[in-house]
Amino acid sequence: GDGTGATDDSVGHGLSQAPELIIIKNMLDGGNDWATWHDSFPVESVIYLNDAGAAYIGGETGRFNTLPTPTVFTPGDAANVNADTKSYIAYCFHSVDGYSKVGSYVGNSNTDGPFIYTGFKPAFIMVKLKTAADGQWAMFDNKRDPYNPTGRVFYANLTAISTDVSSYTPYDILSNGFKSRIPGGNGNEANYNSTGQTYIYLAFAESPFKYSNAR
């Protein structure tokens, strides 16, 4: 829809509950960032889908000034979310049992990394380091990697083609979630499993949980 430049616009999202992940893009100005909000953030916080930087937590007025509700989200007046006369697209997601999961986890720099419960076998996973810079928006799926462990990745914030990372195998995809396998000192752990760092993720299911099998 079109922006207004107001700080308190309400935009209907069409979901059955409040979104847990919102991604907004100004479709007329290519230089504007993909402003993103995750439900682990307070208001006035943002992270950018096209950037490897950490989340800006608090004090980022003009982006997401109000928590979303079961019917609307409320962008601020910043150019990348709601400038007057500009056109925007918004992608809104929330967790649905057996279908999708929005969440976060904390890394431990260990090959016995955290297990992230989704309630289904993921077909697609996107993960982003939240609490520090230099974490890519890493995306894995079960089409390029039909067997464990995952070995090919796309980065949402880069133009690179699919990359083979099987030498350090970021995740095992399991029947009810996924598990990090990156050890400390790997050089790539920042993207997936650094000690004490928080990671946000979006996952979609291969099939409802009752039909899922380990692979």
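The rules we used
Residues numbered from 1 in each chain as written. Predicted model: local features only at pLDDT ≥ 70, side-chain atom pairs only at ≥ 80, totals over all residues. Heavy atoms only, no water. Helix = DSSP H or I, 4+ residues; strand = E, 2+ residues; numbered from the N terminus. Rg over C-alpha atoms; globule rule 2.2 N^0.38 Å. Buried < 20%, exposed > 50% of the residue type's maximum accessible area, 1.4 Å probe, protein only. Contact = heavy atoms within 4.5 Å. Core = buried A, V, L, I, M, F, W, Y, C linked by side-chain atoms within 4.5 Å. Pairing = 2+ DSSP bridges. Salt bridge = Lys/Arg side-chain N within 4 Å of Asp/Glu carboxyl O.

Visitor: Which parts of the structure should I look at to understand the overall build of the chain?
Guide: Per the secondary structure count, the chain includes 1 helix and 16 strands. By the compact-globule yardstick of 17 Å for 215 residues, the chain fits well, its C-alpha radius of gyration being 17 Å. When its C-alpha atoms are laid out on the principal axes, the chain stretches across 50 × 40 × 30 Å. The buried share of the chain, reckoned over its 215 residues, is 48%. Taking contacts inside the chain between residues at least 6 apart in sequence as the whole, the part at least 24 apart equals 62%.

Visitor: I'm lost on the nonpolar core in this one. Help?
Guide: For soluble globular proteins, nonpolar side chains are generally found buried alongside one another. Formed by 25 residues in total, the largest nonpolar core has its most connected members in Ile22, Ile24 and Phe64. Of all the secondary-structure elements, those providing two or more residues to this core are strand 2 (21–26), strand 3 (35–38), strand 4 (47–48), strand 7 (88–93) and strand 16 (198–205). The dominant element in this core, judged by the number of residues it contributes, is strand 2, at 4 residues. With near-sequence residues (within four places) excluded, Phe64 lies in contact with Ile22, Ile24, Ala35, Thr36, Trp37, Val43, Glu44, Ser45, Val46, Thr74 and Val81. Among the nonpolar cores identified, the runner-up in size contains 21 residues, and Ile125, Tyr155, Tyr171 and Tyr199 belong to it.

Visitor: Is there a simple way to think about the pairing of strand 6 (residues 72–75) in this case?
Guide: In regular strands, side chains alternate between the two faces of the sheet. Relative to strand 6, strand 1 (residues 11–12) runs antiparallel, the two sharing 2 bridges. What sits directly across from Val11, in strand 6, is Phe73. Examined bridge by bridge, strand 5 (residues 64–66) and strand 6 share 2 bridges and lie antiparallel to one another. Bridge pairing in strand 6 links Thr66 to Thr74. Once strand 5 ends, the chain turns through 5 residues before running back antiparallel as strand 6.

Visitor: So what exactly am I meant to see when it comes to the pattern of salt bridges here?
Guide: Side-chain pairs of opposite charge can arise where the charged atoms are in close proximity. Tallying each qualifying case throughout the model produces 6 salt bridges. The closest approach of N and O atoms between Lys179 and Asp112, which form a salt bridge, is 2.9 Å. Taken together, the residues span a long stretch of sequence, with Lys179 in strand 15 (residues 177–180) and Asp112 in the loop between strand 8 (100–106) and strand 9 (115–117) at a distance of 67 residues. Its relative accessible area of 12% is what places Lys179 among the buried residues. As a salt-bridge pair, Arg181 and Asp172 come within 3.0 Å of each other at their nearest N and O atoms.

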